[in-house]
Amino acid sequence: MDIVGALGAHEGTTCFVGAGGKKTTMATLAARLDRAVVTATVRIPIFDDWVARVAVTDDPAAAVAATDDWPLGVVPEREREDRYLGYDRETVAALSDCGVPVLVKADGARMRRFKAPSDREPQVPSSADTVVPIASAHVVGQPLTEERVHRVDRVAALTGLDPGDTIRAADVATVLASDRGGRKGVPDGATVIPLVNMVDDDELTATARAIARAIHDRTDVPRVVLAEMRAPDPLVEVV
């Protein structure tokens, strides 16, 4: 199994939520697929350097149908120098008919490595076949602070931690497995495949395995993927 198969991204619509490598994961998958559409339902940093072309368009389905440039990025508008806006969920859902794998950034994390969603997120389209909640293995053993965590108060509410407490593997698993965390807004029938990213040494592999086991204790998912998305072979392990 490779990283594309492990995350179920070889077909249909795959949505990425959480923190700790959404854009890197999408870029890694896009580079390994023969054809792929990259888009978002939220703001997305400029990503022209890891797709063949970005089409700024009000009709992304038409842009996909007309292109020979893969992977293709589609966005509705460039908001400012460093980011694009995302489409509404209904527009992204319509891309499910294009016959090409669709990779969707469905929430934001402000470059942090762990998060829990707000009331307004994630923005997962109804067409989602797979939802991939992400967290970085690096947060285990670190304090629950805004330096590493987006929405500290939400993570605290889910885990019972206080701000400043040390984050444990079980806390990461609790958030990724929760229907108020990594499984929030998942459409009926969609598959959830949690991803523990930044697993770049033996100690972090052991930490990520502990997270994976704790996720399986908390919810029914087919597998948990351990990866280092910046490595030439990003798949570390499937649990």
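Note that the structure is predicted; figures quoted are calculated from it, not measured.

Undergrad: Even after reading the chapter, I still don't get the overall build of the chain, so can you show me in this structure?
TA: Regarding its fold elements, the chain presents seven helices and 15 strands. Taken over the C-alpha trace, the chain has a radius of gyration of 17 Å; the compact-globule value for 239 residues is 18 Å, and the two agree within 12%. Overall size of the chain, expressed as C-alpha extent along the three principal axes, is 50 × 35 × 35 Å. Counting every position in the chain, which comprises 239 residues, the buried fraction comes to 54%. In the chain, once contacts between residues fewer than 6 apart in sequence are set aside, the share between residues at least 24 apart is 70%. Summed over all atoms, the accessible surface of the chain reaches about 10500 Å², with 42% contributed by carbon and sulfur. Taken as two groups, the 28 positive and 37 negative side-chain charges of the chain have centres that lie 5 Å from each other.

Undergrad: What's the story with unusual backbone geometry in this structure? I'm lost.
TA: A negative phi holds for most residues other than glycine; trans holds for most peptide bonds. The peptide bond linking Trp70 to Pro71 adopts the cis configuration, its omega dihedral lying at -10 degrees. The residue Arg110 is not glycine, and still its phi comes out positive at about 55 degrees. When you line up the elements, Arg110 lands in the loop between strand S8 (102-105) and strand S9 (114-115). By relative accessible area, which is 65% here, Arg110 ends up exposed. Non-glycine residue Met111 carries a positive phi angle of around 70 degrees. The topology assignment puts Met111 in the loop between S8 and S9.

Undergrad: Explanation requested: the packing of aromatic side chains in the structure shown.
TA: Any aromatic ring pair is given by two values, namely how distant the centres are and how the planes are angled relative to each other. Scanning all chains against the criterion turns up two aromatic pairs. Every member of this aromatic cluster is reached through a ring pair, and the members are Phe47, Trp50 and Tyr84. A cation sits over an aromatic face here: Arg35 above Trp70, 5.4 Å from the ring centre.

Undergrad: I tried to follow a negative patch on the surface on my own but got confused; where do I start?
TA: Taken together, the side chains of Asp200, Asp201, Asp202 and Glu203 define an acidic patch exposed on the protein surface. By relative accessible area, which is 44% here, Asp200 ends up partly exposed.

Undergrad: Explain the packing of helix H5 (residues 152-159) against helix H6 (residues 169-177) to me, please; I cannot follow it from the model alone.
TA: When two helices pack together, you describe them by how their axes are tilted relative to each other and by the distance separating the axes. Two elements in contact, H5 and H6, have axes whose closest approach is 9 Å; the angle formed by their N-to-C orientations is 100 degrees. Here H5 is positioned roughly perpendicular relative to H6, judged by the angle of their axes. Residues Val155, Leu158 and Thr159 of H5 lie in contact with H6, whose contacting residues are Asp171, Thr174 and Val175. Residue composition of the contact of H5 with H6, by class: three nonpolar, two polar and one charged.

About the criteria used
- Residues numbered from 1 in each chain as written.
- Predicted model: local features only at pLDDT ≥ 70, side-chain atom pairs only at ≥ 80, totals over all residues.
- Heavy atoms only, no water.
- Helix = DSSP H or I, 4+ residues; strand = E, 2+ residues; numbered from the N terminus.
- Rg over C-alpha atoms; globule rule 2.2 N^0.38 Å.
- Buried < 20%, exposed > 50% of the residue type's maximum accessible area, 1.4 Å probe, protein only.
- Contact = heavy atoms within 4.5 Å.
- Areas by Shrake-Rupley, 256 points an atom, 1.4 Å probe, with all protein chains shown as cover.
- Lys, Arg positive; Asp, Glu negative; His and termini not counted.
- Charge placed at Lys NZ, Arg CZ, Asp CG, Glu CD.
- Phe/Tyr/Trp six-rings, centres within 6.5 Å; stacked < 30°, edge-to-face > 60°.
- Lys NZ or Arg CZ within 6 Å of the ring centre and 35° of its normal.
- Patch = residues over 30% accessible without salt bridge, like charges linked within 9 Å, V, L, I, M, F, W, Y side chains within 5 Å.
- Salt bridge = Lys/Arg side-chain N within 4 Å of Asp/Glu carboxyl O.
- Axes fitted to C-alpha atoms, helices over the stretch in contact; angles between N-to-C directions.
- Parallel < 35°, antiparallel > 145°, perpendicular 65-115°, else oblique.
- Nonpolar A, V, L, I, M, F, W, Y, C, P; charged D, E, K, R; others polar.

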